[in-house]
Amino acid sequence: MFWLWLSLSILLFLFILIIFTKITILLNYYHHNDNDDLKVEFKIWFGLIKYKLNVPLIKIDDNSPSLVVKSHSHMGDSAAENPENTVNQITQNDVVSSFEKTKELLERVIDLHVIVRKFFKRVTIKNFEWQTLMGVGDAAHTGMLTGAIWAIKGSIVSILSHYFRLKEMPHLSVTPHFQAAVIQTQLTCMFQFRIGYAILAGLKMIKFWKGGKPRSNFKNEKTKSV
């Protein structure tokens, strides 16, 4: 009996620990002309456990009308000697299928906006920095494009502040280059939320989706509290 109670106590302690554990997601995206680099890092328990995902290569396949995406991932601080490398080829049929699935998903997400929005309000965004250097080779057109990019960035930050919790003022910059055609941008930010909130949101979604069909009464769902 003692070992049974001890096991149950340990399991309960681990469950509570996981519920209150805060996960940190570090996002770093860099684009320069035709080169893209995306790095995503997941950390819990003050970096004791880390998982890194790198997507350094996105290019067009020379032999077929498709995209080739190469990525690798590893655990811990330093890169492993033999990281897990994956190469995926995205064909036209895959794109069409993805759009069809996305359309079906969006129809369901419309009714799930209350659950999703409540979860987003639990997500904190820190260290949001977005720097852009651009030019089209013409001073007048570069100036117009600079203003448009500022407007786009302001709109995106406004949307993020509406759905998420921005703890710090975002650092935005747009630097025009009037002598050459160039596009360079770097986006870095950090997301934080407790695993318990994600589990709760997932359970609510499973309960909502139970039965296979979303609820069609959007107005009634909007007035319900979740």
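Reading the values: the criteria
Residues take numbers from 1 onward in each chain, read along the sequence in its written order. Where local features are concerned, this predicted model is filtered to residues with pLDDT of at least 70; where side-chain atom pairs are given and counted, the filter is 80 or more; whole-chain, interface and lining totals use all residues. Each side-chain value is derived from all of the structure's non-hydrogen atoms; neither hydrogens nor water enter the calculation. Here a strand is any run of E in DSSP of at least two residues, a helix any run of H or I of at least four, and the numbering for each starts at the N terminus. Burial here depends on accessible area, computed with a 1.4 Å probe over protein chains only, as a share of the maximum for the residue type. Under 20% is buried, over 50% is exposed, and the range in between is partly exposed. Two residues qualify as a contact provided that any one of their heavy atoms is within 4.5 Å of a heavy atom in the partner residue. For the area figures, the Shrake-Rupley method with a 1.4 Å probe applies, and any residue is considered shielded solely by the protein chains shown. Side-chain rings of Phe, Tyr and Trp, where Trp is taken by its six-membered ring, are said to pair if the distance between their centres is within 6.5 Å; with planes under 30 degrees apart they count as stacked, over 60 as edge-to-face, and otherwise as tilted. The set of buried Ala, Val, Leu, Ile, Met, Phe, Trp, Tyr and Cys residues whose side-chain atoms join them within 4.5 Å is what this entry labels a nonpolar core. UniProt positions are given in the numbering used here, feature names are shortened, and annotations may be inferred rather than shown by experiment. Note on patches: the residues involved have over 30% relative accessible area and no salt bridge, like charges join within 9 Å, and the nonpolar side chains Val, Leu, Ile, Met, Phe, Trp and Tyr join within 5 Å. Salt bridge criterion: a side-chain nitrogen from Lys or Arg within 4 Å of a carboxyl oxygen from Asp or Glu. When charges are counted, Lys and Arg are positive and Asp and Glu negative, with His and the chain ends excluded. A single reference atom marks each charge: NZ on Lys, CZ on Arg, CG on Asp, CD on Glu. Each axis is a line fitted through C-alpha atoms, taken for helices only over the stretch in contact, and angles between the N-to-C directions span 0 to 180 degrees. Roughly parallel means an angle under 35 degrees; roughly antiparallel means over 145; roughly perpendicular covers 65 to 115; every other angle is labelled oblique. Three classes are used: nonpolar for Ala, Val, Leu, Ile, Met, Phe, Trp, Tyr, Cys and Pro, charged for Asp, Glu, Lys and Arg, and polar for all others, with Gly counted as polar.

Just to check I follow, could you spell out the overall build of the chain for this structure?
The helix and strand inventory of the chain stands at six helices and nine strands. The 226 residues of the chain split such that 25% are buried. Sequence-distant contacts in the chain: of pairs separated by 6 or more residues, those separated by 24 or more amount to 61%. Total accessible area computed for the chain in this model is approximately 15,900 Å², and 63% of it derives from carbon and sulfur atoms.

Whenever I open this one, the packing of aromatic side chains confuses me. Can you help?
By convention here, two paired aromatic rings are described through the distance between centres and the angle between planes. Under the counting rule described, the total for this entry stands at five aromatic pairs. An angle of 75 degrees between the planes, with centres 5.4 Å apart, marks the rings of phenylalanine 119 and phenylalanine 193 as edge-to-face. Highlighted residues: phenylalanine 119 in helix H3 (residues 113-120) and phenylalanine 193 in strand E9 (residues 181-194), separated in sequence by 74 residues. Linked through ring pairs, Phe119, Phe120, Phe164, Phe191 and Phe193 together constitute an aromatic cluster.

For this particular structure, what's the right way to read the nonpolar core?
Soluble globular proteins tend to bury their nonpolar side chains together. Counting 20 residues, the largest nonpolar core has Phe128 and Phe193 as its most contacted members. Where this core is concerned, the elements lending two or more residues are strand E1 (22-32), strand E2 (35-44), H3, strand E6 (124-136), helix H4 (139-163), E9 and helix H5 (195-209). Residues in contact with phenylalanine 128, not counting those within four places in the same chain, are Val157, Leu160, Pro170, His171, Leu172, Leu187, Thr188 and Cys189.

Any chance you could explain the UniProt feature "transmembrane region" (unreviewed entry) in the chain here in plain terms?
Cross-referencing UniProt, the feature "transmembrane region" (unreviewed entry) maps to residues 6-30 in the present numbering. Taken end to end, residues 6-30 comprises 60% helix and 36% strand; its first and last C-alpha atoms sit 50 Å apart.

Sorry, what's going on with a positive patch on the surface here?
Side chains of Lys22, Lys118, Arg122, Arg165, Lys167 and Arg194 sit close together on the surface and give a patch of like positive charge. Turning to its location among the elements, lysine 22 is positioned in strand E1.

Explanation requested: the packing of H3 against H5 in the structure shown.
When two helices pack together, you describe them by how their axes are tilted relative to each other and by the distance separating the axes. Axis separation between H3 and H5 bottoms out at 10 Å; the angle between their running directions is 180 degrees. On the basis of their axis angle, the class for H3 and H5 is roughly antiparallel. Contacts from Ile115, Val116 and Phe119 of H3 reach H5 at Tyr197, Ala198, Ala201, Lys204, Met205 and Phe208. By residue class, the composition of the contact of H3 with H5 is eight nonpolar, no polar and one charged.

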